[in-house]
Structure formats: C-alpha cells, structure tokens
Amino acid sequence: MPTPEMSLPEAPRPRVLVTGGTGFIGSHTTVLLLAAGYDVLIVDNLSNSTADVVGAIETVAGRRPDFVCGDVRDGALLARLFARSAIAAVFHFAGLKSVAESLVSPLDYYANNVGGVIVLCREMAEAGLHTLVFSSSATVYGDSDTLPLTESSPLDPAQPYGRSKLMIETLLGDLAATDSRWRIASLRYFNPAGAHESGALGERPRGIPNNLMPYLCQVASGERPELIVHGNDYPTPDGTGIRDYIHVMDLAQGHLAALDYLNTHSGFVAINLGTGRGSSVLDLVHAFERVIGRTLPRRIGPRRSGDIAACWAAVDRARELLGWQSERGLDAICRDAWRWTSTGRRPQP
Ligand code: NAD
Ligand code: WQD
C-alpha cells in the first residue's frame, strides 16, 4: 500500500528569472538556484558571454536551466516570458560592468544598465511580479577615509558605471516607496573572484582583463608576460591597493539568502556582500603563488587612474538580515580560479 505522501503528485518547483545568467556571477548563482530546487529561466543577450555556459551549468548542477537569447530592454519579450509561466522572483545581473569603458561610452552604460532596469520593472509590475534581487556594486561608495564601508557610508561614485548603479538604486528605492508590493534587495558586491570548485565554470573576460584576478591567471598561464602592480606608494602596509575579494560561490550563496529574506520582507534594502577583510595586491599575488607553487613575473608600475587606496565591507547587515557570511578565503579563491584557468577555460570568441 503506498503511503498517502507517496501518492501525492510532486509539487511544481518555483521558477525564477535570471537575467545575465550566462555571465560570471549569474552562472554561478544559477547553479546554486538549481541545486536548491528552483527552475531557472535565463535571459542573456550574450554581449559578454556565450551560450555554451548553459551546458556547463547543466554539467555542474545536474539540471539544465531554460535559456532565451534576448535583451532585457526588449519589453515585449519579457511580457511574453512572464505570460508563458509563473515567475516567483527575478535576479537581475544583466548589465555592462567595465569602469574604463563607461568613461568612454557613458550613454551605453546608462542606456543598458538604467534603461534595462526600467523596462524590467515595468514588465514585472505589469505581470504582478514584485520580487527583485539586483546586482549593485561597492563602486556606489565614494573614496572614504572611514573603513569598513557600511551601507550608510557616503554614496559618491566616481565614474558613469558607478553612477548608473546608484541611479538604479535610487529608482528602485522610489519604486518600493510608492508601491508596498515591491520586495527589492540591492546587493553591493565588493571584488568578486574565483570560480566554481569543479573547474567547469568561471570568469571569461573578453580581451585584456581589467581586474586583478583574471589578469594574474593569464600571467600564470603564460598568456601575458607579467603582472604590473598599479602603484606601491599607497598609504597601506605594503604600499599596494587593498580590496575585499569575495569568492563567487560565497557571493552566489548570498543571493539565495537575499531571496529567502525577501519572502518575508517588503520594501527596498541595500546590503554589502563582501568578506569584511581587506587584502593587498601583494597579498593576492602571494596567495596565488602559494597555490601554484611558483613565483610570477611582476613589476611595479604607476598608479592606475581613478584607483582608491583601500576599500572593504562592513558585513553586519548581511549577517543580521540574511544570516549570511562568506566562508572561503584568498587561498580558495586562487585555487579555484587557477583550476578553471588551467583546466576548464575556453576563450570567448
Ligand atoms: P558579466 O558581464 O560576466 O555578466 C553579465 C551578463 O549580462 C553577460 O552575460 C552579458 O551578456 C549580459 N547582458 C549585458 N547586457 C544585457 C542586456 N541588456 N540584456 C541581456 N543580457 C545582457 O558580469 P558579472 O561579473 O557576472 O556581473 C554581473 C552583474 O554584477 C553586473 O550587473 C555587474 O555590474 C555587477 N557587478 C559585477 C562585479 C564584478 O566585479 N564582476 C562587481 C560588482 C557588481
Ligand atoms: C584590484 C586591485 C588595482 C589589475 C573593479 C571595479 C568595481 C568592481 C570590481 C564592478 C587594485 C590592482 C589590478 C592589474 C593591479 N566591478 N591591479 N594590476 O578596481 O577594485 O574594482 O572591479 O562593479 O566597480 O572598479 O578591482 O581587480 O581592477 O583591482 O595592480 O593588472 O588590483 O590597482 O588595487 P577594482 P581590480
């Protein structure tokens, strides 16, 4: 005789939309969402990723997300997708993220980042969907003498990319203030780095990497001749810049914690996602060298324009509201980034 439980049909899995889900952070978060029992629909225009990431996600998670190649600024597309199946929440990763590029093409950054959120939120509201986890950035803070940066530290981004993120936060706050159905978490990432521990998923920058970790990986693999340390005359213990490097899988876990939080809280909240610890450029280089067992060619160059000396997160709000904190350190970040670089990484076309 089957027990009553055994004869019950399986409950449908809640379905979430992940915009930018074939990108670096979105793909890692999708793996955890699938593992946690969600169905995932990815919408990505592949402007900074490739469709084969969907297969890599399936390999790692054991289940395949649905994938639509499209732009979040295409309101008609979003309306069709929302009408086709019930979506419980949206994770909005899609956007442009290069500080340097934003200084050259500010309109592209405002159009894509701010424009994308306007279209997305309009279509969400139209579909009666009001739960949103947004990818913000520590770039929204100004260059502060007071560290760590709390969510109430002064907001004063120095470039169009950061200003696009701050505009979006303002917009989302206004939205939540005028309609109490909205549940919005804006997650301010510090310095995401590392890769999935399987070696099958990771970061795939196009061209010369801007960020330290992918650059280090390319020096270690011989694709670049040396690392240039951008300045060693900052007022820090070893003179190099200090940042809060957070493992991408810890960051991904923070998104699931944010969704849990939004299930019981309405309104708008901004939350730092970092480790609460600062590491210098040389700390990261030494950790990487320990992991790969050899030293890397490097020289000291001039400061990079626009860089600040130091920045790391206060993580109390994330701990208190989300019950989340990072678990992995610099060694795990370097080990996983190197495994991905040396075994799994395919260049972007
Ligand atoms: P990524 O470029 O790897 O991923 C973003 C994805 O969005 C890409 O796959 C790209 O093709 C897609 N995309 C861009 N514009 C789109 C559009 N209009 N419609 C549909 N798809 C679009 O970047 P990431 O590192 O995964 O970053 C994800 C988010 O987190 C971004 O919003 C970024 O600004 C933010 N963020 C990233 C960092 C970081 O250092 N990686 C730090 C802070 C915040
Ligand atoms: C880290 C440190 C560099 C490269 C950027 C964006 C920020 C966020 C994360 C999106 C600094 C030094 C770097 C190199 C070096 N992205 N460095 N040699 O600048 O803290 O943050 O990425 O939201 O918005 O501004 O990160 O990885 O570029 O630099 O010495 O070849 O490494 O000077 O001290 P950053 P980064």
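Remember, predicted model here, so these are calculated numbers, not experimental data.

*Asks:* Honestly, the packing of aromatic side chains in this entry has me stumped. Any pointers?
*Replies:* To describe a pair of aromatic rings, one takes the distance between the centres and the angle between the planes. Applying the stated criterion across every chain yields a total of three aromatic pairs. With 6.3 Å between their ring centres and 85° between their planes, Tyr109 and Tyr161 make a pair best called edge-to-face. With Tyr109 in helix 6 (residues 106-126) and Tyr161 in helix 7 (residues 160-178), the pair connects residues that are 52 residues apart, well separated along the chain. When its relative accessible area of 1% is taken as the criterion, Tyr109 is described as buried. Here the aromatic rings of Phe288 and Trp338 are separated by 6.0 Å at their centres, their planes lie at 75°, and the arrangement is edge-to-face. With Phe288 in helix 10 (residues 281-292) and Trp338 in helix 12 (residues 330-344), this residue pair connects regions lying 50 residues apart in the sequence. Take Phe288 and Trp338: they sit in the same class, and that class is buried. The ring of Tyr234 carries Arg303 above its face, with NZ or CZ at 4.0 Å from the centroid.

*Asks:* Where do I start with the site of ligand 1 in this structure?
*Replies:* Neighbouring ligand 1 are 27 residues, the closest being Asp44, Asn48, Ser49, Asn112 and Tyr161. Separating an oxygen atom of ligand 1 from a backbone N or O atom of Ser47 is a distance of 3.0 Å. A distance of 2.7 Å separates an oxygen atom of ligand 1 from a polar side-chain atom of Asn48. Elements that contribute at least two residues to the shell around ligand 1 include exactly helix 2 (24-35), strand 5 (131-137) and helix 7. Of all the elements, strand 5 adds the most residues to the shell around ligand 1, at three residues.

*Asks:* Quick question: what am I supposed to make of the packing of helix 10 against helix 12 here?
*Replies:* The axes of two packed helices give the description: the angle between them and the distance between them. Between helix 10 and helix 12, the least distance of the axes is 9 Å, while the angle of their chain directions is 60°. What the angle tells us is that helix 10 and helix 12 run oblique. Once helix 10 is placed against helix 12, the crossing between them reads as right-handed. Across from Asp283, Leu284, Ala287, Phe288, Arg290, Val291 and Ile292 in helix 10, the residues of helix 12 making contact are Leu330, Asp331, Cys334, Arg335 and Trp338. Here the residues of the contact of helix 10 with helix 12 sort into eight nonpolar, no polar and four charged.

About the cut-offs
Residues numbered from 1 in each chain as written. Chains lettered and ligands numbered in written order. Predicted model: local features only at pLDDT ≥ 70, side-chain atom pairs only at ≥ 80, totals over all residues. Heavy atoms only, no water. Phe/Tyr/Trp six-rings, centres within 6.5 Å; stacked < 30°, edge-to-face > 60°. Helix = DSSP H or I, 4+ residues; strand = E, 2+ residues; numbered from the N terminus. Buried < 20%, exposed > 50% of the residue type's maximum accessible area, 1.4 Å probe, protein only. Lys NZ or Arg CZ within 6 Å of the ring centre and 35° of its normal. Near = heavy atom within 4 Å. Polar contact = N/O pair within 3.5 Å; in protein donor to acceptor, adjacent residues only side chain to side chain. Axes fitted to C-alpha atoms, helices over the stretch in contact; angles between N-to-C directions. Parallel < 35°, antiparallel > 145°, perpendicular 65-115°, else oblique. Left-handed = near helix turned anticlockwise from the far one by under 90°. Contact = heavy atoms within 4.5 Å. Nonpolar A, V, L, I, M, F, W, Y, C, P; charged D, E, K, R; others polar.

That is the geometry; function is a separate question.
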